[in-house]
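What follows is the residue order along each chain.
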Amino acid sequence: MGFDFVRNMGSSASKMALVEACAAKIQDDPSAAALLYALHGGETAKPIGSAVLGAQQDREVVTSAGPACADVGRIEEICLVNSCVPTFTASSHRLLSRSVLLILDAAHRFSLLNGKSVDDGHDKLKDGAALFLGGSLFNHSCTPNASWRTYGDVQVVRARAPVKAGDEVLIAYVPGEAPQKRRAGVLKAHFPDGCTCSYCVDERRDMPQQVARRGELASRCKAISQEASVEEHIAPARLKKLSRDIKGVVEQLEGTYSRRRGSYRPGLVEAYHVSAHVTGHPSSSDSARLGNLYELKSLAASGAEVQQARDAVEVVAAPYVVPAERSLAERSLLKIAYRHSLTGGTTGDAEARKWIKAAAAMARITHGLDWDGFVERAEEDFAAFNLKRLLAGCRT
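Throughout what follows, the structure given in this document is the object of discussion. (Residues numbered from 1 in each chain as written. Predicted model: local features only at pLDDT ≥ 70, side-chain atom pairs only at ≥ 80, totals over all residues. Heavy atoms only, no water.)

A closer look at the state of the cysteines
Okay, so step 1: All chains considered together, the criterion is met by zero disulfides.
Okay, so step 2: Cysteine Cys79 is unpaired, with the sulfur of Cys22 as its nearest cysteine sulfur at 4.1 Å.
Okay, so step 3: According to the relative accessible area criterion, Cys79 is buried, its value standing at 0%.
Okay, so step 4: We note that Cys197 lacks a disulfide partner, and the nearest cysteine sulfur, in Cys142, lies 3.6 Å from it. (Disulfide = S-S within 2.5 Å. Buried < 20%, exposed > 50% of the residue type's maximum accessible area, 1.4 Å probe, protein only.)

Below, the structure is given as structure tokens:
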């Protein structure tokens, strides 16, 4: 374990092993030094030269009579600032077979160390650390227009919102939903005086009591969610109490945010989702309207943007944070489709199909899935929500 006293953050054993791997790479291939040293390493390790996407493949490999000398101190700073933890999922191969905005594959990868595949005393590592040369060239935004994920030794960057020609593609180095202390620690190397975007400014205005209260209320939301989930058939009186409880919790949670705060409020995403589950229960009066209302609030709080028209539902933007597996936003859209289908008739089915198509569009934006991939991944939901009968008229 190493420790960075400037950022007040610890470095995992795998990250320190990544430094060793990068140094060994430079010793074996001296031409790799220019590629690595061109990356930003904080105040004490300014970039040397310019970094260009694709430079690794285009460079001229230098042969040397002996091993090159690696600047371990600089490499450590670069790894602390730019490395990430790769994720390994069962569906990685399937997801990566779909079309994407940009793939930074193994050819762009500089070095990767994962606890599952290394030896020499490191076989007990529970996490990994990877440094992607191409991925390190993207600038940060707390409210980015693109999202990124790693799948083993592959990094994928996708547009989560429309990107006009000439606009810079921005990603988030740390999720907006992460604790403020962690976000500040990660961003300190890039913004020594603190990030000045509206989201960070609002976040710093939060009083410690607000943050603590927000955490308490979030825990209460989870407790209500668990209570509602264990009962398949909730008695009307019990459902009424749960609905009243979650409504009170959500109102208090909303009160922890300033009115001038932007629509991106990660702390409310799960709360709204729980509210949709409880108030949207089929046995509840006015369930469809309330359930769908809270689903849409959950989407907006996550940064997603959905526009409703008479003939279609357009997904303008996906959430700012996209999980490696499946987006909660995708399931929210299917739940809205389910509630519309319960109204029955031609009109209800037509409305349900609009939202199923929107869910498919969300899956394409967040994970690059085509229609078949979307249907395969959402198979359990289609069965649970009785939506399979509507799929024939939805294929896009």
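Picking up after the structure, the text goes on.
A closer look at the packing of aromatic side chains
Okay, so step 1: On inspection of all chains with the given rule, the structure shows six aromatic pairs.
Okay, so step 2: Each ring, one from Trp371 and one from Phe374, has its centre 5.5 Å from the other, and the planes form 55°; the classification is tilted. Of this pair, Trp371 and Phe374 are both found in helix H14 (residues 371-377), three residues apart, which corresponds to roughly one turn of the helix. Exposure class is identical for Trp371 and Phe374. Each is buried.
Okay, so step 3: Among the aromatic residues, those joined into a cluster by ring pairs are Tyr199, Tyr264 and Tyr320.
Okay, so step 4: Across the ring face of Tyr37, the terminal group of Arg74 is positioned such that the distance to the ring centre comes to 6.0 Å.
Okay, so step 5: Stacked on the ring of Tyr257, the Lys or Arg Arg214 has its end atom at 3.9 Å from the ring centre. (Phe/Tyr/Trp six-rings, centres within 6.5 Å; stacked < 30°, edge-to-face > 60°. Helix = DSSP H or I, 4+ residues; strand = E, 2+ residues; numbered from the N terminus. Lys NZ or Arg CZ within 6 Å of the ring centre and 35° of its normal.)

Some points on the nonpolar core
The nonpolar side chains of a soluble globular protein tend to be buried, and buried together.
Okay, so step 1: The biggest cluster of nonpolar side chains holds 31 residues, and the ones touching the most others in it are Leu333, Leu334, Ile356, Phe374, Phe382 and Leu387.
Okay, so step 2: Sorting the residues of this core by element identifies strand E11 (313-317), helix H12 (328-342), helix H13 (345-367) and H14 as the ones contributing at least two each.
Okay, so step 3: Counting residues per element, this core draws most heavily on H13, which supplies 10 residues.
Okay, so step 4: If near-sequence neighbours (up to four positions away) are discounted, Leu334 is found in contact with Arg326, Ile356, Ala359, Phe374, Ala378, Asp381, Phe382, Phe385 and Leu387. (Core = buried A, V, L, I, M, F, W, Y, C linked by side-chain atoms within 4.5 Å. Contact = heavy atoms within 4.5 Å.)

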